[in-house]
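Coordinates in review
So you can see what is in the structure, the chains are spelled out below.
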Amino acid sequence: MAAVKQKMHVKKGDMVMVITGKDAGKKGKVLEVFPKKGRVVIEKVNIVKRHTKPSQSMPQGGIFEKEAPIASSNVMLYCTECNKVTRVSVKETEAGKVRVCKKCGVNLPDKK
């Protein structure tokens, strides 16, 4: 079965809050987006341990902690102006389309 690219409601650099799962309530910035899998990587959320064998580049080896992807449906965009999770509205302006907070109406920053 071929992977279908999903429409993502969050972008790289967005501030989001996890709404379900073991990390519910945690906030963080989106580090990476995987549209084909429908998953996102958020800083300091869903930390997993990886046991690494010693290699030439990493002679020590050991146990490393890193962020793992979580389903994008488990996160909501976090508006820093009204300090709440929100959905996104798109408004047409002279400059083009901009994303807007549904709760307070403030333009959301377009970070990359």
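Given the structure is predicted, the values throughout are model-derived calculations rather than measurements.

Its location among the elements puts Asp23 in the loop between strand 1 (15-18) and strand 2 (27-34). When neighbours within four sequence positions are excluded, Asp23 is seen to be in contact with Val18, Val45 and Asn46.

Turning to the pairing of strand 2, a few remarks are in order. Examined bridge by bridge, strand 1 and strand 2 share 3 bridges and lie antiparallel to one another. Following the sheet pairing, Met17 is matched in strand 2 by Lys27. Sheet topology places strand 2 next to strand 3 (residues 39-42); 4 bridges connect them, and they run antiparallel. Along strand 3, the bridge assignment pairs Phe34 with Arg39. Between strand 2 and the antiparallel strand that follows it, strand 3, lie 4 residues; Gly38 among them carries a positive phi value of about 70°.

Before going further, it helps to spend a moment on the pattern of salt bridges. Under the criterion given, the structure shown has 3 salt bridges. Of the charged contacts, one joins Lys26 and Asp23 as a salt bridge, the two residues approaching to 3.2 Å between their closest N and O atoms. Classification of Asp23 as buried rests on a relative accessible area of 11%. The residue Lys49 makes a salt bridge to Glu65 at a minimum N-O spacing of 3.8 Å. With a gap of 16 residues between them, Lys49 in strand 4 (residues 47-52) and Glu65 in strand 5 (residues 62-67) connect regions that are remote in the sequence.

Throughout the structure, instances matching the rule amount to 0 disulfides. The structure places no disulfide on Cys82, whose sulfur is separated from the nearest cysteine sulfur, that of Cys79, by 3.5 Å. There is no disulfide at Cys104, and the cysteine sulfur nearest it, in Cys101, is 3.5 Å away. Under the relative-accessibility criterion, Cys104 is labelled partly exposed at 35%.

Before going further, it helps to spend a moment on the nonpolar core. By size, the foremost hydrophobic cluster in this structure holds 14 residues, and its most contacted members are Val16, Val18, Val40, Ile42, Ile70 and Val75. Those elements giving two or more residues to this core turn out to be strand 1, strand 3 and strand 7 (75-79).

Let us look at a positive patch on the surface. Taken together, the side chains of Lys84, Arg87, Lys102 and Lys103 present a region of like positive charge at the surface. Within the secondary structure layout, Lys102 lies in the segment after strand 10 (96-101).

Calculation criteria
- Residues numbered from 1 in each chain as written.
- Predicted model: local features only at pLDDT ≥ 70, side-chain atom pairs only at ≥ 80, totals over all residues.
- Heavy atoms only, no water.
- Helix = DSSP H or I, 4+ residues; strand = E, 2+ residues; numbered from the N terminus.
- Contact = heavy atoms within 4.5 Å.
- Pairing = 2+ DSSP bridges.
- Salt bridge = Lys/Arg side-chain N within 4 Å of Asp/Glu carboxyl O.
- Buried < 20%, exposed > 50% of the residue type's maximum accessible area, 1.4 Å probe, protein only.
- Disulfide = S-S within 2.5 Å.
- Core = buried A, V, L, I, M, F, W, Y, C linked by side-chain atoms within 4.5 Å.
- Patch = residues over 30% accessible without salt bridge, like charges linked within 9 Å, V, L, I, M, F, W, Y side chains within 5 Å.
- Areas by Shrake-Rupley, 256 points an atom, 1.4 Å probe, with all protein chains shown as cover.
- Lys, Arg positive; Asp, Glu negative; His and termini not counted.
- Charge placed at Lys NZ, Arg CZ, Asp CG, Glu CD.

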